[in-house]
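# What the coordinates show
The residues making up each chain are set out below.
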Amino acid sequence: RTTLRWVWRLTYVSVLGAFVYIGYEIYQDRNPEPQVPRDPSKKTLVILGTGWGSVSLLKKLDTENYNVVVISPRNYFLFTPLLPSCTTGLIEHRSIMEPIRSICRSKKGPVTFYEAEASSVDVNHKIVKIRDNSDIRGVTTETEVPYDMLVVGVGAENATFGIPGVRENSCFLKEIGDAQQIRKKIMDCVETAAFKDQPEAEIDRLLHMVVVGGGPTGVEFAGELRDFFEDDIRKLIPDIADRFRVTLIEALPNVLPSFSKQLIEYTESTFKEEEITIHTKTMVKKVTDKTVEAEASKPDGTKERIVFPYGLLVWATGNTLRPLVRDMMASIPAQKDSRRGLAVNEYLVVQGARDIWAVGDCAVAGYAPTAQVASQEGTFLARLFNNMAKTAELEDRIQTLSSSLNLKPGVDSASVSREIEDTERKLQRIKDIKPFHYSHQGSLAYIGSEKAVADVSWFNGNVASGGTMTYYFWRSAYLSMVFSTRNRLLVLNDWFKSKLFGRDISRE
Ligand code: FAD
Ligand code: NAI
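So, how was this worked out
Residues numbered from 1 in each chain as written. Chains lettered and ligands numbered in written order. Predicted model: local features only at pLDDT ≥ 70, side-chain atom pairs only at ≥ 80, totals over all residues. Heavy atoms only, no water. Helix = DSSP H or I, 4+ residues; strand = E, 2+ residues; numbered from the N terminus. Buried < 20%, exposed > 50% of the residue type's maximum accessible area, 1.4 Å probe, protein only. Areas by Shrake-Rupley, 256 points an atom, 1.4 Å probe, with all protein chains shown as cover. Lys, Arg positive; Asp, Glu negative; His and termini not counted. Charge placed at Lys NZ, Arg CZ, Asp CG, Glu CD. Pairing = 2+ DSSP bridges. Axes fitted to C-alpha atoms, helices over the stretch in contact; angles between N-to-C directions. Contact = heavy atoms within 4.5 Å. Near = heavy atom within 4 Å. Polar contact = N/O pair within 3.5 Å; in protein donor to acceptor, adjacent residues only side chain to side chain. Salt bridge = Lys/Arg side-chain N within 4 Å of Asp/Glu carboxyl O. Core = buried A, V, L, I, M, F, W, Y, C linked by side-chain atoms within 4.5 Å. Domains from an automatic or database assignment. Parallel < 35°, antiparallel > 145°, perpendicular 65-115°, else oblique. Left-handed = near helix turned anticlockwise from the far one by under 90°. Nonpolar A, V, L, I, M, F, W, Y, C, P; charged D, E, K, R; others polar.

Next up on the list: the overall build of the protein. Regarding its fold elements, the protein presents 15 helices and 24 strands. Taking the principal axes of the C-alpha coordinates as reference, the protein spans close to 100 × 75 × 50 Å. The buried share of the protein, reckoned over its 508 residues, is 46%. As displayed, the protein has an accessible area near 26900 Å², and 54% of this comes from carbon and sulfur atoms. Taking the average place of the 64 positive charges on the side chains of the protein and the average place of its 65 negative ones, the gap between the two points comes to 3 Å.

Within the open sheet, the 3 strands sit side by side as S22-S23-S24. Their pairing is antiparallel. Only two strands of the sheet have a single partner each, and these edge strands are strand S22 (442–448) and strand S24 (461–467). Within the sheet, the average angular offset between the axes of one strand and its neighbour, ignoring direction, is 10 degrees. Strand direction decides the pairing type here: strand S23 (residues 451–458) and S24, joined by 7 bridges, are antiparallel. Bridged to Val-453 within S24 is Gly-466. Each of S22, S23 and S24 is contacted by helix H14 (residues 468–481), which is oriented at about 70 degrees to S23, the strand it contacts most.

Another aspect to go through is the pairing of strand S11 (residues 208–212). With respect to burial, S11 is a largely interior element, 5 of its 5 residues being buried. Burial along S11 is two-sided: the residues His-208, Val-210 and Val-212 and Met-209 and Val-211 are all buried. Bridge analysis of S11 against strand S12 (residues 245–249) gives 5 bridges, and the strand direction is parallel. Within the sheet, the bridge partner assigned to Met-209 lies in S12 and is Val-246. Here S11 runs beside strand S17 (residues 312–315); their pairing, made up of 4 bridges, is parallel. Following the sheet pairing, Val-212 is matched in S17 by Trp-315.

This part is about the site of ligand 2. Taken together, 23 residues lie near ligand 2, and Thr-217, Glu-250, Val-284, Pro-369 and Leu-444 sit nearest. Contacts to ligand 2 include Glu-250, whose side-chain N or O atom sits 2.6 Å from an oxygen atom. Contact between ligand 2 and Ala-251: a nitrogen atom at 3.1 Å from a main-chain N or O atom of the residue. Burial of ligand 2 by the surrounding chains reaches 77%, relative to a free accessible area of 840 Å². Elements with a minimum of two residues in the shell around ligand 2: helix H8 (216–236) and strand S14 (282–287).

With that settled, consider the pattern of salt bridges. Enumeration according to the criterion identifies 24 salt bridges in this entry. Linking Glu-200 and Arg-243 is a salt bridge whose minimum nitrogen-to-oxygen distance equals 2.8 Å. Here Arg-243 lies in the loop between helix H9 (238–241) and S12 and Glu-200 lies in helix H7 (residues 200–206), a separation of 43 residues in the sequence. Arg-243 gets classed as partly exposed once you look at its relative accessible area, which sits at 22%. One continuous salt-bridge network, built from bridges that share partners, spans Arg-226, Glu-230, Arg-234 and Asp-242.

Around ligand 1, the structure places 28 residues, and the nearest of them are Gly-53, Thr-80, Ala-118, Asp-361 and Tyr-478. A distance of 3.0 Å separates an oxygen atom of ligand 1 from a polar backbone atom of Pro-369. Residue Thr-370 places a main-chain N or O atom 3.4 Å away from an oxygen atom belonging to ligand 1. The fraction of the free accessible surface of ligand 1 (1000 Å²) that becomes covered by protein chains is 89%.

Here we come to the sheet that holds strand S7 (residues 127–131). Spatially, the 3 strands line up as an open sheet ordered S6-S7-S8, and their pairing is antiparallel. Looking at strand neighbours, the two that pair on one side only are strand S6 (117–122) and strand S8 (142–146), the edges of this open sheet. For this sheet the average axis-to-axis angle between neighbouring strands, irrespective of direction, equals 25 degrees.

With that settled, the discussion passes to unusual backbone geometry. Look at Leu-256: it is not a glycine, yet its phi comes out positive at around 45 degrees. Locating Leu-256 in the fold gives a position in the loop between S12 and helix H10 (261–273). Positive phi, normally seen in glycine, also occurs at Ser-449, with a value near 50 degrees. Mapping Ser-449 onto the fold places it in the loop between S22 and S23.

Counting 124 residues, the largest nonpolar core has Leu-48, Leu-82, Ile-96, Val-152, Leu-381 and Phe-385 as the members making the most contacts within it. Split by domain, the residues of this core number at least three in each of domain 2 (43–158 + 320–388) and domain 3 (166–319 + 440–501). Excluding anything up to four places from it in sequence, Leu-48 contacts Ser-54, Ile-71, Ala-118, Val-121, Val-128, Leu-150, Val-151, Val-152, Gly-153, Val-154 and Leu-324. Counting 16 residues, the second-largest nonpolar core is a separate cluster that includes Ile-163, Val-210, Ala-296 and Phe-308.

Alignment of S6 against S7, held across 5 bridges, turns out to be antiparallel. Looking at S7, one finds that Val-121 is bridged to Val-128. The antiparallel hairpin formed by S6 and S7 contains 4 residues in its connecting segment, where Lys-126 sits at a positive phi of about 55 degrees.

Here we come to the environment of Val-314. With respect to the helices and strands, Val-314 occurs in strand S17. In contact with Val-314, other than residues within four places in its own chain, are Cys-171, Ile-182, Val-210, Val-211, Val-212 and Phe-221.

Once that is clear, we can look at the side chain of Asp-178. By secondary structure assignment, the location of Asp-178 is in helix H6 (residues 176–193). No salt bridge is formed by the buried Asp-178; the nearest opposite charge belongs to Lys-174, separated by 7.9 Å. Residue contacts for Asp-178: discarding those within four places in its chain leaves Phe-172 and Leu-173.

Once that is clear, we can look at the packing of H6 against H8. For the pair H6 and H8, the least separation of the axes is 13 Å and the interaxial angle reads 45 degrees. Here H8 runs oblique to H6, going by the angle between their axes. Crossing geometry of H6 relative to H8 is assigned as right-handed. For the pair formed by H6 and H8, the contact residues are Ile-182, Ile-186, Met-187 and Val-190 on the first element and Phe-221, Leu-225, Phe-228, Phe-229 and Ile-233 on the second. Looking at side-chain class alone, the contact of H6 with H8 contains 9 nonpolar, no polar and no charged residues.

Here it is as structure tokens:
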């Protein structure tokens, strides 16, 4: 009984503590401290993008040290790992968006934000040209922003490899708008298939959802789609439920090439149970408004042409360069051999450019284009810039002390000399910043039916696991990583709501 009483007390105190903590976080978000005034004598640090790389930098940057200007066509940060869940309404899209204005306001030093796209960078004159591409435009739609230091974190675009018909007919899955479009289209296909007197072949086409690309994006989306049909559509529209099919097409011999062999096999067998058809060694060659044409390599080495009629096509074949990055690479001679993005050195400095750094998917630092890499790069740059500011401050201090030693009579030269020595030691420590080193924490992917796969780094080794327990790990890991307390509560609420009432299938 005494033990039980203690367990009860401990639980009570922990829950109370959690509530107090959440309450304090919310209070702080709603009542940010006054910011220090802008200081025009400080250097201007321009950050392009509001994605993983740029926002991680902003989060850890001492903004009092610079005049920070953030430029992005997107006035929010998007937590991409949960984006596939938005395509079916399991999570509402606003739950994984964090307004950049609140991130900027939470900083001690002021941060200016312009909702605009950087259209070009003049690396010689240190100027970024920006353009307002939003629906509502003022008199000024294009202007220039000069910089002393520039960080490029504009991410990447969807690769289509120039395959005809892809851009016109498929949905991508990179931005919030993409997820919303997919959600609408799924329900449009369902309602159109349920339309009176719809021919059988047309019902089959409309309810055939094709995903091209067996990387993590394609796999996670296929899993979410299957859950949606099993959990909700099957119950609400049983007449058509058995006609629903998901096909995943992958050019390589297996899906999830970056995961370990046993997890690839586990994913493929789980997909079999979920009746998701996988076509590996199958390369899509052409897309029309109703069909996907692909070429499959058969075991005997011959090729077979397959035509897949579809209702919804989601294209998830990875990344390509954004035009801004391509133009920058063309204007910097040292970048001429780089193909996949801005080549950077071990301090993330863009090679061949002065005072330009790059982070995330647009930078080539020898790592995979993931959120994990981008956020570690952003955090590294914040440390670098904080150190640079401190270095300048300490160098100024040493100069002032040295001149007082030489010029001012009557100063206690012994104590000043000691202070100079101390400051020099501090300076040395700060200057000794190590190059960027990526620490891989592991890879996680949801594969449907409340199962996930995880390759997690553990004491210099790797632990591979798949199944329902991994799914709970996946959920708790991402819940702990979402940007803010607000996001965390909203995502929790969405999961709870969908479990209780099912997903909202109304088409906006
Ligand atoms: P982004 O996060 O893409 O941000 C780019 C920013 O630049 C955006 O704000 C954009 O609006 C802005 N921008 C674009 N053009 C311009 C311009 N001309 N001027 C100024 N700004 C511009 N990675 C993981 O590690 N784990 C996961 O679970 C995971 N899940 C994913 C799920 C999905 C569906 C997707 C699509 C990706 C996922 N990733 C995951 C990959 C991860 O999202 C990317 O690697 C990461 O977003 C890269 O960060 P970034 O800062 O380089 O670019
Ligand atoms: P990806 O590059 O990882 O995979 C794309 C796949 O499409 C490749 O396997 C490729 O072989 C295939 N492909 C290309 N052209 C094709 C064609 N014509 N026909 C058929 N298949 C074709 O791209 P993805 O999944 O969008 O991921 C991009 C990045 O984001 C990766 O670095 C990935 O690790 C990361 N990511 C991580 C996630 C996670 O950790 N859970 C989730 C989503 C993305």
